[in-house]
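Single-letter residue listing:
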Amino acid sequence: MVERTAKPLTSYSSARLTGTANQDAKSLRSTSSTLGLGRTASGTVNDPALTYDANWFGSSGRGLGDYNDDVHYTYTNGATAQYTFTGTGIAYLSEKNGDMGNVDVYIDGTFQANVNLYVSGARQSQQVVYSKTGLASGAHTIKIVNKTTSVGIVDALKITS
């Protein structure tokens, strides 16, 4: 390390930075250069990447077989979660269990299906409870709406591009 005698390091101030990581692709303005794949790549999107209204809660370190060992859940009828992705298909992964209820799934604002997350017997983790393929290539939004006061869960999404 080299220190200037005219301006020693102790004369500089510092500040602690906080925030969240930007996981999207980065582009250099006025060029075609891009770093990273962002949300356009095929792959699994973990539940914290979605946008949730105030009635959803995160739970991590559950040890129940969840993708990345975490989920978002709600007990509120009408609570919504959504995610905008670029691709031609999407799969919604959730847990299925005896305390679960129903959710409605929308793609681009159009109702797609009412999905029953209830199952008797053993808990089932990382279940594809809804999938859609054949979407026009481009940006789409999935919205998941809890329809009961039973548990609704989002574990992950799988995007196809």
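Please read all numbers here as calculations on a predicted model, not as lab measurements. (Residues numbered from 1 in each chain as written. Predicted model: local features only at pLDDT ≥ 70, side-chain atom pairs only at ≥ 80, totals over all residues. Heavy atoms only, no water.)

Draft legend 1. Spatial organisation of the sheet that holds strand S9 (residues 102–107). Taken together, the five strands give an open sheet; going across it, the order is S4-S7-S12-S9-S10, and neighbouring strands pair in antiparallel fashion. At either end of the open sheet lies a strand with only one pairing partner, and these are strand S4 (51–52) and strand S10 (110–116). Where S9 meets S10, six bridges bridge the pair, whose relative direction is antiparallel. The residue bridging Asn-102 from the neighbouring strand is Asn-116, located in S10. (Pairing = 2+ DSSP bridges. Helix = DSSP H or I, 4+ residues; strand = E, 2+ residues; numbered from the N terminus.)

Draft legend 2. Local environment of unusual backbone geometry. If you check the backbone angles, Asn-68 has positive phi at about 60° while not being a glycine. Along the polypeptide, Asn-68 turns up in the loop between strand S5 (57–60) and strand S6 (70–74). On the basis of relative accessible area, Asn-68 is assigned to the exposed category, the value being 55%. Even without being glycine, Gln-126 reaches a positive phi, approximately 50°. Relative to the helices and strands, Gln-126 resides in strand S11 (residues 124–132). (Buried < 20%, exposed > 50% of the residue type's maximum accessible area, 1.4 Å probe, protein only.)

Draft legend 3. Fine view of the environment of Thr-51. One can find Thr-51 in strand S4. With relative accessibility at 53%, the residue Thr-51 sits in the exposed group. With 29 residues separating them in the primary sequence, Thr-51 and Thr-80 have C-alpha atoms 8.4 Å apart. Setting aside residues no more than four positions away along its own chain, Thr-51 makes contact with Thr-80, Ala-81 and Gln-82. (Contact = heavy atoms within 4.5 Å.)

Draft legend 4. Up close: the environment of Val-129. Of note, Val-129 is situated in strand S11. By relative accessible area, Val-129 is classed as buried at 17%. C-alpha of Val-129 to C-alpha of Leu-93: the two residues are 36 residues apart in sequence and 5.9 Å apart in space. Val-129 has contacts with Tyr-92, Ser-94, Lys-96, Val-115 and Leu-117, leaving out every residue within four places of it along the chain.

Draft legend 5. View of the sheet that holds strand S13 (residues 152–154). Spatially, the three strands line up as an open sheet ordered S5-S6-S13, and their pairing is antiparallel. The open sheet terminates on both sides in strands that have one partner only, identified here as S5 and S13. Averaged over neighbouring strand pairs, the angle between their axes works out to 30° when direction is ignored. When S5 meets S6, the two strands line up antiparallel, connected through four bridges. (Axes fitted to C-alpha atoms, helices over the stretch in contact; angles between N-to-C directions.)

Draft legend 6. Spatial organisation of the confidence of the model for the protein chain. Of all residues in the protein chain, 83% have pLDDT values of 70 or greater, and the mean over the chain is 87. Here residues 36–41 is modelled with pLDDT under 50, and outside its nearest four sequence neighbours on either side it reaches 14 contacts, counting other chains as well. (pLDDT = per-residue confidence, 0-100.)

Draft legend 7. Expanded view of the side chain of His-140. Tracing the backbone shows His-140 in strand S12 (residues 138–146). Given the relative accessible area of 8%, His-140 is considered buried. Polar side-chain contacts of His-140 include one of 2.6 Å to the backbone oxygen of Ala-136. Non-local contacts of His-140, meaning those with residues more than four positions away in its chain, are made with Tyr-83, Thr-84, Phe-85, Gly-87, Asp-108 and Leu-135. (Polar contact = N/O pair within 3.5 Å; in protein donor to acceptor, adjacent residues only side chain to side chain.)

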